[in-house]
Each structure stands twice: as C-alpha cells, then as structure tokens.
Amino acid sequence: MITGVKEYIEEVRSGNLNVDDFAHEVVERSKTIQKKYSPFITLVEHPTSGNGRIKGLPISVKDSICTKGIMTTAGSKILDGYVPPFDATSVSNAKRDGGMVIGKTAMDEFGFGTFSTNCAYSIPRNPHDTSRSCGGSSGGAACLTAAADFPHIAIAQSTGGSITAPAAFTGTVGITPTYGRVSRYGLIDYSNSMDKIGTIGKTVYDAALLLSSLSGYDRLDSTSAEIASEDFTAFGSIKGLRVGIPKEYFSEGVDKRVAKEVRSGIERLESLGASCEEVSLPMTDYGIASYYITAISEASTNLARYCGLRYGMQKEITGDFESYFSSIRSTGFGQEAKRRIILGTYARMAGFRDAYYIKALRIRTKIINEFAAMFKKFDVLVAPSMPIIAPTFSEIEKLSPIKAYSMDILTVPPNMAGIPHVSVPIGKVDSMPVGMQIMAAHFKESDAIRVAAAVEGAR
Ligand code: GLN
C-alpha cells in the first residue's frame, strides 16, 4: 500500500485505487497499530469517505473534538459514553473535502498534560521506543501519525503546547495556527482564550494540506477570524527571510544535545539564504507561571458543567443533588483535573483574583507585546520545540507537577500570544527525534510553514 498522502491523492485522481478496499485495509492496519502503541480511544469500524480533493484520506480526530455519532470523551471518564449529535466545524470541513474519519485519538484528560500520561483511557507509547512517552496532550494524534503505514493526517489541538510537544517527541510535523484561524465550534474547551485546533502530519506538506481544509471563518465561533483560508502547501523560497533566534530558548534547562541539533538546523537555514540574528525575549521566564494560572482559571469554570446530568457519566440519583454531583465529580475526574479545578478556583476567587488571575493576564499582555515588537524586525523566530527528548514513563512518574509544568517553557509563550508555530523534525539525540520550533506573526502561518519545508527539504 502507498503510505504518502501526496501519492495517495494522485492514485485516487488517476482512478487506480479502490477507495472501499483501501478503507478496509486501513481499519485492519489501525487495529495492529492500536495493539502495539495504543494511539486510539475509539476506532471507527466502518469509516465512510466523502468526495473532494482529499477523498477517502484517513483522518484521525483528537478526542476533545466532537464527531457526530462517534464517542467523544476528551480523554475523561466523566464524558464516558458521550456521543455528540453534531460534528465540530473542523471535522465537517475535513469531511467536506472528502476526508475519512478513522478514529478518535488518545489524550491527557481535557488536555491537562505534556506527556499523555494523565489519561483515563489508553496511554499512547512512542513508536521510536515504547518505553517512552509520545508527548501530550495530543499524544495519540502524533503516535498514530508516526506509526501509520498508510496515508494519514491528524486533527489535533493545543492550548499551551499540545501539538508541538508530541510532534517533537515523535518526529512528526505539528502546525498550531493563529488563534481564530480554525473554528473552535465543537471543541471541548480547556482554556477558551488559548485553545487552537491544528494538524499533525508525517511531512510539512501533509500538515499544511489539512490545515488548508480546516481553516476559514465560521459564524458558529464568535472568536473565529474573518479571514479566508489559504493554500498552505505553496511553500516558496526562504531567501532573504529574517530569522530571529531567541537566546532564552537555549538556556540552562534545555538539553545541550537538543540545542546543538537546533543550532545546526539554523546553519542550514543560513546556507539557504536566510539571515539569522540572536535576539532576546526576556518575558520567556514568566511564561509558565502566567500560563498555568490563566489556563487553570479558565479550565475550572469550563469543568463546572460536568455534573452527571447533561453529558457522559450518569448514576442513579438517590440522595440530594449536592451529594449526587460530588459523587459523579469525585469518581469521574482524574487526579490532574481535580488539581486544576481546585487551583483554578482559588486563583480567581475574590481576594486572590488580583494577585493571581489578573496579574497573570497582565504578564500575558507583555508577552504578546514582546512578540509583536519582534515581528516588526523578523519574519520568523526559531528555537527548540521542547527542552528535552521524549522522556521514559518511569522518568515521568518521578516528576513533581511543577517540574512537569516547567517542560512547557518553550511552548507556552507562542500559545499565549496566539501566534502560529510549527514543529519540524531537525535531528536525533539517543536515537530519539528532536524538533525545531518556528514561530511567525499572527496569520503568517505561511512564513513558518515555508521555513519548516526548507528545513525538511535540506534534511
Ligand atoms: N502541558 C500544557 C498543559 O497541561 C499544555 C497542554 C495543552 O496544550 N492542551 O496545560
């Protein structure tokens, strides 16, 4: 079977491929992959294909994105059994172009995590080394992308790094678009002011192709930008492109070997005609504290709706409502979700609000302004995607929550600013993939994508 998306589209166009036989084979192969690496929460037994430019192309959907008639849990037991009666706009856009939804991918509960270990269902294992994490929270999406021996592109989602981290750890390409570029209608919210739907693919072309389908204005999402989609696969040259290298993204916490791989990638960009210059983003250090306060404050309000009445988990009501809700919520939510509900409620409580939530928002504005100033002088900023290679499950077990949160130091700033960023494989350390992160100004996805394509081509 052909494995590349480009070749697949050619085959379908020339009429050489029987779409039904192909779909059957994809289901069989997905089952084998599931046994080995567990990327799915739900596998679709009889996937159906639409008509369009990606006719019959296998698409997986992160489980926090609603799919009509297919269970959608956001990785949480509290939504167990919830089957949405509608498709998220991103899903209906992919279907409109012919995409075939093959399953829902594993994730940290509600997106709360960096390693896909805070999971109520399956924990995806890294296809490069099964003792290691796939990254999170879109871990299943990246796992399947890396493991698939068939053409496939994933619909993923990021709040603070959930596309970049898994893409970097699995050697795949992750695109997080500008906030508002892809409709959030039908996305189960984590932190509304930062949530973005994006893509993960084996190649830059794949991830960019699906992004073109997903993007565009949607009146069902009040934060959707009134900007038409583009053909993100029209890459172009990077000659003369101005590249900033933020020095804080290469600081102590970053594995020296990871930094070295990224530096050699930067040399490649220079040899292709880009002009690179070191810059400083001093607000970087404040990202984690400000991000986590903002994210959990929003999350704690979003999670209030899960009480065992409307969606998912239900039990028989015996006592009063108060005890019913608390029994549902104490059994339905995992440990990390509970931690975030408690901390988030505290951070926005009267008396603490100014000291935590409001202060975090002020810092966020400073981060946004810092990026805006940079993009007056530079087209893109280039840095490592993650400070480390994919950790082993036993290393993750030993991390305190604070230590685990600190792994997001390089991904939270662009996510808070809502700027587009791409993670592209740049090399290997200990046989594990390393990702390079390319950030661009709002709605300049195409700049970040063409740098990623140049890096990929040069490898
Ligand atoms: N690791 C970060 C968090 O737990 C980001 C996750 C995400 O982008 N959904 O909040």
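Located above this text is the structure these notes cover.
Rules behind the numbers
Residues numbered from 1 in each chain as written. Predicted model: local features only at pLDDT ≥ 70, side-chain atom pairs only at ≥ 80, totals over all residues. Heavy atoms only, no water. Helix = DSSP H or I, 4+ residues; strand = E, 2+ residues; numbered from the N terminus. Contact = heavy atoms within 4.5 Å. Core = buried A, V, L, I, M, F, W, Y, C linked by side-chain atoms within 4.5 Å. Buried < 20%, exposed > 50% of the residue type's maximum accessible area, 1.4 Å probe, protein only. Lys, Arg positive; Asp, Glu negative; His and termini not counted. Salt bridge = Lys/Arg side-chain N within 4 Å of Asp/Glu carboxyl O. Polar contact = N/O pair within 3.5 Å; in protein donor to acceptor, adjacent residues only side chain to side chain. 1 Å grid on protein atoms, 1.4 Å probe; cavity = no way out; pocket = protein on both sides within 12 Å on 5 of 7 lines; lining within 4 Å. Points joined across faces, edges and corners; volume = space filled by probe spheres on them. Nonpolar A, V, L, I, M, F, W, Y, C, P; charged D, E, K, R; others polar.

**A short note on the side chain of Ser60**
Structurally, Ser60 is set in strand E2 (residues 58-62). Beyond its immediate chain neighbours, meaning those up to four positions away, Ser60 contacts Ile102, Gly103, Thr105, Leu144, His152, Ile153, Ala154 and Ile155.

**Side note on the nonpolar core**
Core analysis: the biggest nonpolar cluster contains 128 residues, and Phe110, Ile155, Phe371, Val382, Met436 and Ile438 have the highest contact counts within it. Residue contributions to this core peak at eight residues, all from helix H6 (residues 204-214). The residues touching Ile155, leaving out its near neighbours within four places in the chain, are Ile59, Ser60, Val61, Lys62, Ile65, Ser90, Val91, Ala94, Ile197, Gly198, Leu210 and Leu214. Core analysis: the second largest hydrophobic core is formed by six residues, Ala141, Ala142, Ala156 and Ile200 among them.

**Re the side chain of Asp108**
With respect to the secondary-structure elements, Asp108 resides in the loop between strand E3 (100-105) and helix H4 (139-147). Within the buried set, Asp108 has no salt-bridge partner at all; the shortest N-O distance to an opposite charge, 7.3 Å, is to Lys62. At 2.9 Å, the side chain of Asp108 and the backbone nitrogen of Ser116 are in polar contact. At 3.1 Å, the side chain of Asp108 and the backbone nitrogen of Thr117 are in polar contact. Beyond its immediate sequence surroundings of up to four residues, Asp108 is in contact with Ala74, Gly113, Thr114, Phe115, Ser116, Thr117, Asn118, Cys119, Gly136 and Ser137.

**Regarding empty space enclosed by the protein**
One pass over the structure, following the stated rule, counts one cavity of 30 Å³ or more. Quantified by volume, the largest cavity comes out at close to 90 Å³. Looking at the largest cavity, it is lined by 16 residues, and the ones nearest its centre are Gly113, Thr114, Ser162, Tyr291 and Asp408. Each residue belonging to the lining of the largest cavity can be placed in one class, and the counts come to five nonpolar, nine polar and two charged.

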